[in-house]
Amino acid sequence: MPITKINEEVKHKFAEIVSKITNAPLLAVPVFFILNYILLSGLYFVIITSICLLFGTILPVAFTIIWIKWDKRIKNENTQYDLPNKDDRKIPFIFAIISYLTGAIILYFLNAPLIIIGLMFCYFSNTLIVFFINLFWKISIHSMGVAGPTTALIYAVGPIGSIYALILPIVMWSRTYLKMHTMPQVIMGAFLGFILTTVQLWILFNVIYNITTEIYPLLWIIFAFIGPSIVLSISGVFNTRGMHDGYTRKIFHFMAFISIAGFIKYAPTDITLIFIAVGTIYILIACFSNKGFLWFDGISRKSDSPHEKLYVILPMISTIFGLGVSWAIFGHPFVEIGMLCVAIGDAIAEPIGVKWGKHKFKVYSLAGKASERSLEGSLSVLFACALIIFFTTNNITTSLLIGVIISIIEAVSPRGTDNFTVLVGASAGLWLIG
């Protein structure tokens, strides 16, 4: 059997396992356990946790299994409890809605912690909303099942609670890889899971109980987990519609670096680090998926074959190291300006070189054939970076000088390393002069 065939079988099996163990009611188990363990103790912990598991997991899962076994039409479709047909989801949804609401009421009368009552109520209300959406569109419950409880964890323990959502990229991949959902369906499921739970918990704490909670950091966390999937998907869609892969790659490059610069400047540092970690996971999953998967096709070049993955992973590593060096040594605002130089200056070099580059030259590559660049592309880097720096320094001499240095650095950097060299070069130049 060909190795590629074996690899696809392994991926398919892995995707099935991920899909099965990340069913929304199952994901409720560790979250309720963690929250109750933090907030409760003794017999009260046992009672409240048992109620959470009974109404949040056991009853919804048990009814779904019984329903599938009882309904011969569903059983004959060999769904394996996944219910790929949206019409088959209606009755299990109704029972889950009843179960979640009952659990929330019981928890309320037992004076359970407010976050526990709120999360169970969100399971009820979110599922009710999804029930109506499902009448027209098959939104991803798996994605929502990650995002919702993660939001409750963040409310309870702060940004560290977002660690739970590190499985979100894998869950989104598994559902689309198995063709159980489209990419918009998994992205929207995650988005609604975050937003609906955030809004409801904010109302519960701030409006009903007058307990002040800050929503601003949570909004950054939401973008940290949803943003990379949107950016990768946009690049992939352009690729499927025939855009040159060099251009789609640079679309991703531009949006990713602009986002990182925005996080560094405006978001809390710990959330910025979460964003970088999550983006790295998304890119690694894209490489794991290989050709034919939307995320990978949008950021890889056919011309790099057979080293496409190398020239996706190498720029990612270069970016992480460049960001670490620039941030640690030069700090604000130089690292943000350096990121903008990479985002805009480096991003436009290839498209301009492909379109108008007539004066070509070769640059060393770590693998495969030498990279080809152009004088026209290098000049575009010079003027773009000079313009960015001018807006931040108002010094045309400084802007042109650093612009020239950056363009030379970009021109001679081995393929895949310029994210590091340009970022560090720009940050260092600004730091030395400023």
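Residues numbered from 1 in each chain as written. Predicted model: local features only at pLDDT ≥ 70, side-chain atom pairs only at ≥ 80, totals over all residues. Heavy atoms only, no water.

Topic: the environment of Ala261
Here is step 1: Relative to the helices and strands, Ala261 is located in helix α11 (residues 245–266).
Here is step 2: Ala261 sits in the buried class, given a relative accessible area of 6%. (Helix = DSSP H or I, 4+ residues; strand = E, 2+ residues; numbered from the N terminus. Buried < 20%, exposed > 50% of the residue type's maximum accessible area, 1.4 Å probe, protein only.)

A word on helix α18 (residues 418–433)
Here is step 1: Over its 16 residues, α18 runs 22 Å from end to end, which matches the ideal 22 Å to within 8%, given 1.5 Å per residue.
Here is step 2: Three or more residues of α18 are buried, namely Asp418, Asn419, Val422, Leu423, Val424, Gly425, Ala426, Ser427, Ala428, Gly429 and Leu430. (Expected span 1.5 Å × (residues − 1).)

Comments concerning the environment of Lys138
Here is step 1: Considering the arrangement of structural elements, one finds Lys138 in the loop between α6 (114–134) and α7 (141–157).
Here is step 2: Once the C-alpha coordinates of Lys138 and Met180 are considered, the two residues, 42 residues apart in sequence, prove to be 9.3 Å apart.
Here is step 3: Side-chain polar atoms of Lys138 contact the backbone oxygen of Met180, separated by 2.7 Å. (Polar contact = N/O pair within 3.5 Å; in protein donor to acceptor, adjacent residues only side chain to side chain.)

Observations regarding the nonpolar core
Generally speaking, a soluble globular protein has its nonpolar side chains buried in company with each other.
Here is step 1: Ranked by size, the top nonpolar core spans 116 residues in total, and within it Leu107, Leu168, Phe225, Trp295, Leu323 and Ile406 carry the most contacts.
Here is step 2: A total of eleven residues in this core trace back to one element, the largest contributor, which is α6.
Here is step 3: Those residues in contact with Leu168, other than ones at most four positions away along the chain, are Ser143, Val146, Ala190, Phe194, Phe225, Ile226 and Tyr282. (Core = buried A, V, L, I, M, F, W, Y, C linked by side-chain atoms within 4.5 Å. Contact = heavy atoms within 4.5 Å.)

Quick word on the side chain of Asp297
Here is step 1: Locating Asp297 in the fold gives a position in helix α13 (residues 294–297).
Here is step 2: For the buried Asp297, no salt bridge is present, and the opposite-charge side chain at shortest range is Lys302, 7.0 Å distant.
Here is step 3: What Asp297 contacts, discounting residues up to four positions off in sequence, is Asn239, Thr248, Lys291 and Gly292. (Lys, Arg positive; Asp, Glu negative; His and termini not counted. Salt bridge = Lys/Arg side-chain N within 4 Å of Asp/Glu carboxyl O.)

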